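# Geometric and topological summary
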Amino acid sequence: MLANLEGLAVFLLLAHWKPQLNITAPGLHSALNFSFSLSAVRIMALPFILILGTSPRVRLVGGPHHCEGRVEVEWDGQWGTVCDDGWGLEDVAVVCRELGCGTAKKSPSGTMYEPLAEKNQPVLSQNVNCNGMEDTLAECEQDKDVFNCGHEEDAGASCEMPGSSSTSELESSSTVPEIPFFLVPKSVRLVDGPGHCAGRVEVQHEGQWSTACKRGWNLQAAKVLCRQLGCGRALIARRQCNKTIQDQVSIWMSKIKCSGQEATIQDCDSGPLKRNSCSHYDDTWVECEDACELKLVGGDSMCSGRLEVLHKDKWGTVCDDNWGDLEDQVVCKQLGCGKPLVSPSRKRYAPGAGRIWLDDVRCSGKEQSLDQCKHRVWGYHDCDHKEDVGVTCSE
């Protein structure tokens, strides 16, 4: 019987067996049932059992159905999130395939799905780089040593539900105006959205505005664009069909690759696309948080006091967890004040009341506004008003 089980192990390995799939074959079912009645010692002696025990899994959490949500993976019995550094539609496509869902639709930020990840839940993977053809996310290149990536950068995925119609089936075979590939567009904008921080991506060259093909437009590219437009954090980058501009607006035939650290889209690597490889069903739609307003309250001037930010038409304070000189620098810059004045013991101003909007803010000092810094999701914190941030800048 042990020989039969060893033969079963070979069969399962050759068949690329996955824990979530049921594989049946004549003569194997009874052997498989019998294997679980063996002693633990006999079972663990089989190499394939050890392989299966450490295989990672993936799930989508917080979405409207099992094919959309925040991406979570399991390693060695522990569930954690995936950092969105390098995350794009190719990676989403692999997740969709692994979960048995339909076509990859978009690569949203994982912070769009509630309940949010617990603060003590680990981030298990970073810089995921799939080519889109892998069967599982574990087969993609990725870093398991996560550096400088918190839950404010959790990756999300949105797939079509099995059986739903795909927009690719609706694509028109008619030609659309195209402009040749140009390495650097003159300017970029978001149009047809609720404001200048959300909408369809359009690029300008020689006075002509064109839509941007979705190729390469992931959250990393969206981060750069949101920063360039003076908006807040990137929330989503997805494909958006717009039938009203069919055959009227040209398509910028370029694919881009951003690390997320560039100052402008023009600084990202880019290259040409094959002719007719995109249609207006592949136009890029990006959504950013609106830029926040700041003020300093309770000080001697507009350049000193308790820091308050405006979000959703309500003023609230900022928690001082991880707050330091670089964060002061960004605030002073955004307010048009001078350099921050730092003392050995940071000056405290009177505590605020009401909402505490931001916590765990981390800036590099290069940001133009506070909302471009890394931070927890708006309104989520573990502070009280005794920890309200105070800032003092020169005038």
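Basis of the calculations
- Residues numbered from 1 in each chain as written.
- Predicted model: local features only at pLDDT ≥ 70, side-chain atom pairs only at ≥ 80, totals over all residues.
- Heavy atoms only, no water.
- Buried < 20%, exposed > 50% of the residue type's maximum accessible area, 1.4 Å probe, protein only.
- Helix = DSSP H or I, 4+ residues; strand = E, 2+ residues; numbered from the N terminus.
- Contact = heavy atoms within 4.5 Å.
- Disulfide = S-S within 2.5 Å.
- Phe/Tyr/Trp six-rings, centres within 6.5 Å; stacked < 30°, edge-to-face > 60°.
- Lys NZ or Arg CZ within 6 Å of the ring centre and 35° of its normal.

## Digging into helix 7 (residues 325-334)
Taken as a whole, helix 7 has its buried residues at Glu327, Asp328, Val330, Val331 and Cys332. As for helix 7, its buried residues are in contact with strand 17 (293-298), strand 18 (304-311) and strand 21 (390-392). Of the residues one or two after helix 7, Gly336 is the one with positive phi, at around 75°.

## What about helix 5 (residues 89-98)?
For helix 5, the set of buried residues is Asp91, Val92, Val94, Val95, Cys96 and Glu98. In the segment just after helix 5, Gly100 is the residue with positive phi, at about 75°.

## Quick notes on the state of the cysteines
According to the stated counting rule, one finds 11 disulfides in the structure shown. With its sulfur 1.9 Å from that of its partner, Cys319 forms a disulfide with Cys383. With the S-S dihedral at roughly -85°, the linkage between Cys319 and Cys383 falls on the left-handed side. Here the residue Cys319 occupies a position in the loop between strand 19 (314-318) and helix 7, and Cys383 occupies one in the loop between strand 20 (356-358) and strand 21, the gap between them amounting to 64 residues.

## Details of the environment of Leu116
With respect to the helices, strands and loops of the structure, Leu116 is situated in the loop between strand 4 (104-106) and strand 5 (123-129). Under the relative-accessibility criterion, Leu116 is labelled buried at 17%. Expressed as a C-alpha distance, the spacing of Leu116 and Glu152, which sit 36 residues apart in the sequence, is 9.4 Å. If near-sequence neighbours (up to four positions away) are discounted, Leu116 is found in contact with Arg70, Thr111, Val377 and Tyr380.

## Re the packing of aromatic side chains
Going through the model one piece at a time under the given rule, you end up with 1 aromatic pair. Ring geometry for Trp357 versus Trp378: centroids 6.2 Å apart, planes at 70°, classification edge-to-face. Pair noted here: Trp357 is in strand 20 and Trp378 is in the loop between strand 20 and strand 21, with a separation of 21 residues, a long-range link. The exposure class of Trp357 is buried, given its relative accessible area of 4%. Exposure remark for Trp378: the relative accessible area of 9% places this residue in the buried category. Note that Arg59 overlies the ring of Trp79, its terminal NZ or CZ placed 3.9 Å from the centroid. One residue, Lys295, lies across the ring of Trp315, its end atom 4.2 Å from the ring centre.

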